[in-house]
Structures are given as C-alpha cells and as structure tokens.
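An overview of the molecular structure
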Amino acid sequence: MNEARAPEPWYRDGAARALILRRYLPWLLALNLAWEIGQLPLYTIWRDRTPSYIAFAVAHCTAGDMLIGAAALVLALLIIGAGPPERWQLPKIATIATLASVAYTIFSEWANTSVRQGWQYSELMPTLELGGLAIGLSPLAQWLVLPPLALYLARRSAIAAT
C-alpha cells in the first residue's frame with residue numbers, strides 16, 4: 001500500500017526557512033526602516049528630541065517592527081498549517097499576518113500614547129477614532145501595507161532567483 005505522506009511543516013522545510021530569513025525578513029526590515037523614517041514628522045519626537053535620540057528611536061521602532069512582523073508571519077503559518085513554500089496560500093497567510101499586526105498595533109498605539117504616554121502624535125498625524133481612542137493612521141497603514149508587500153516581494157525574488 002502506498003499512502004501519501006503529509007508534507008513537512010514549514011518550520012522543518014529548508015526552503016521555507018530560507019524564504020523567511022533571506023527574503024521576507026530583509027524586505028520587511030527595509031520597508032519598515034523607510035516607513036519609520038518617513039513617518040517621523042507625524043510624531044512629536046521630530047521636533048522635541050535630539051538627532052541622536054531620533055536615530056535611536058528609529059532603530060528601536062524598526063527592531064520592534066521586525067519582531068511584530070516575524071511573529072505575525074509565524075502565527076499565520078501555524079494557523080493555516082503551512083508546509084513547503086510552493087504550497088503556501090499567500091492570500092491567507094498575508095491576511096492573517098496583517099490582521100495580527102494591525103491588532104497588535106492598535107493595542108500598542110493605545111498603550112504608548114494614552115497609558116504610558118511614551119510618544120505622542122504631532123498635529124500632522126491623521127487619526128482614526130476607535131471606541132474613544134485616537135489611533136494614528138500611519139501606523140495602521142504600515143501594517144496593512146508592509147506585511148503583504150514584504151511577502152509578495154520575498155516570493156517574487158525567490159522565484160526570480162530560480
């Protein structure tokens with residue numbers, strides 16, 4: 001009897017790990033770094049802090065973005081039971097990763113602007129009122145756009161390399 005075996009899970013697949021580590025995360029890093037720099041005027045840090053503090057904040061926020069993006073991707077891959085990359089359902093993975101990232105961002109923005117008051121929006125930040133909370137549209141847009149874009153670019157660059 002010749003039974004079909006289920007494919008190895010993504011975390012045991014070398015091609016999946018390579019796609020994540022060598023393609024997705026570098027794209028995510030570059031995109032988030034550019035976004036963090038671009039949205040600086042939307043926060044008061046731009047006018048209230050020294051250049052060295054601003055540079056530290058950009059590095060710190062970009063590192064945090066990497067953790068959020070990596071955790072969201074891992075969560076999505078686990079939820080759908082992903083196997084090797086050629087079998088990945090990219091729209092589902094991108095949707096789950098994006099929703100997880102947006103949910104965390106709403107919590108983080110609330111916690112840091114309202115509770116901890118670790119940062120504040122400048123008058124330039126467009127906001128969205130959610131249950132009495134003002135959430136910046138730029139950080140929301142960041143997580144609506146960048147995870148699917150990084151996943152698309154990672155997949156495209158992996159295909160181009162073969």
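A brief report on the enclosed structure follows. Along every chain, residues carry numbers that run from 1 in the direction the sequence is written. In keeping with the predicted nature of the model, local features appear solely for residues at pLDDT of at least 70, side-chain atom pairs appear and are counted solely at 80 or more, and the whole-chain, interface and lining totals rest on all residues. Each side-chain value is derived from all of the structure's non-hydrogen atoms; neither hydrogens nor water enter the calculation.

Quick word on the pairing of strand E2 (residues 133-136)
Both strand E1 (residues 127-130) and E2 contribute to a ladder of four bridges, which runs antiparallel. Bridge assignment links Leu128 to a residue of E2, and that residue is Ile135. If DSSP finds at least two bridges between two strands, the strands pair. The helix and strand labels rest on DSSP assignments: H or I over at least four residues marks a helix, E over at least two residues marks a strand, and numbering proceeds from the N terminus. Turn length for the E1-E2 hairpin, with the two strands adjacent in sequence and antiparallel, is two residues, and the turn residue Gly131 shows positive phi of about 55 degrees.

A few points about the packing of helix H3 (residues 51-80) against helix H4 (residues 90-115)
As a rule, the C-alpha atoms of each element are fitted with a line to give its axis, helices using only the stretch in contact, and angles between N-to-C directions run from 0 to 180 degrees. Running from amino to carboxyl end, H3 crosses H4 at an angle of 135 degrees, the nearest separation of the two axes being 8 Å. Regarding the angle of H3 to H4, the classification is oblique. Here H3 and H4 pass one another in a crossing that is right-handed. Listed contacts from H4 to Ile68, Ala72, Leu73, Leu75, Ala76, Leu77, Ile79 and Ile80 of H3 are Lys92, Ile93, Ile96, Ala97, Ala100, Ser101 and Tyr104. Here the angle decides the label: under 35 degrees means roughly parallel, over 145 means roughly antiparallel, 65 to 115 means roughly perpendicular, and every other value means oblique. Note: crossing handedness is left-handed where the near helix turns anticlockwise from the far helix by less than a right angle, and right-handed where it turns clockwise. Working rule for contacts: check all heavy atoms of both residues, and any pair within 4.5 Å makes them a contact.

Focus on the packing of aromatic side chains
Between rings of Phe, Tyr and Trp, where Trp is taken as its six-membered ring, a pair exists when centres lie within 6.5 Å; planes separated by under 30 degrees are stacked, by over 60 edge-to-face, and by other angles tilted. Per the stated rule, a full pass over the model turns up six aromatic pairs. Judged by centre distance (5.9 Å) and plane angle (50 degrees), the rings of Phe107 and Trp110 are tilted. Of the two residues, Phe107 and Trp110 are both situated in helix H4; the distance of three residues between them amounts to about one turn of the helix. For Phe107, a relative accessible area of 46% puts it in the partly exposed group. Put simply, the rings of Tyr43, Trp119 and Tyr121 pair up and form one aromatic cluster. Burial classes: relative accessible area under 20% of the type maximum marks a residue as buried, over 50% as exposed, and values in between as partly exposed (1.4 Å probe, protein chains only).

Overview of helix H5 (residues 137-161)
Given a helix with a known number of residues, its expected span is that number minus one, times 1.5 Å. Over its 25 residues, H5 runs 35 Å from end to end, which matches the ideal 36 Å to within 8%, given 1.5 Å per residue. At Leu146, H5 is bent by approximately 25 degrees, the largest bend along its length, and proline Pro147 sits one to four residues beyond. Here the bend at a residue means the angle between the axes of two seven-residue stretches, the one that ends at it and the one that starts at it.

What to know about the nonpolar core
One finds Tyr24, Leu77 and Trp88 to be the most contacted residues of the largest nonpolar core, which totals 23 residues. Where this core is concerned, the elements lending two or more residues are helix H1 (14-38), H3, H4 and H5. The element contributing the most residues to this core is H1, with seven residues. If near-sequence neighbours (up to four positions away) are discounted, Trp88 is found in contact with Trp10, Ala16, Leu19, Ile20, Leu77, Ala82, Gly83, Ile93 and Leu151. Within this scheme, the nonpolar core is defined by two criteria: the residues are buried Ala, Val, Leu, Ile, Met, Phe, Trp, Tyr or Cys, and they are joined through side-chain atoms within 4.5 Å. Among the nonpolar cores identified, the runner-up in size contains nine residues, and Leu42, Tyr43, Tyr121 and Met125 belong to it.

Describing the pattern of salt bridges
Between Lys or Arg on one side and Asp or Glu on the other, a salt bridge is scored when a side-chain nitrogen of the former is within 4 Å of a carboxyl oxygen of the latter. Under the defined criterion, the tally for this structure stands at two salt bridges. One salt bridge in this structure joins Asp48 and Arg47, with 3.7 Å as the shortest N-O distance. Across this residue pair, the class does not change: Asp48 and Arg47 are exposed. With its nearest N and O atoms 3.1 Å apart, the salt bridge here joins Arg47 to Glu123. With Arg47 in helix H2 (residues 45-48) and Glu123 in the loop between H4 and E1, this pair connects stretches of sequence that are 76 residues apart. The exposure classification of Arg47 matches that of Glu123, with both residues exposed.

Side note on H1
Relative to the 36 Å expected for 25 residues at 1.5 Å per residue, H1 spans 35 Å between its end C-alpha atoms, a close match to the ideal helical length. The largest bend along H1 reaches roughly 30 degrees and is located at Tyr24, with the proline Pro26 sitting one to four residues downstream. Inspection of H1 places Ala16, Ala18, Leu19, Ile20, Tyr24, Leu25, Leu28, Leu31, Asn32 and Glu36 among the buried residues, and these make up the whole buried set. Looking at the buried residues of H1, the elements they touch are H3 and H5. Contacts described as polar in this section are N or O atom pairs within 3.5 Å, which, within protein, must combine one atom able to donate a hydrogen with one able to accept it, while residues neighboring in sequence count only if both atoms come from side chains. Taking the backbone nitrogen of Ala15 as reference, a side-chain oxygen 3.0 Å away marks Asp13 as the first, capping residue of H1.

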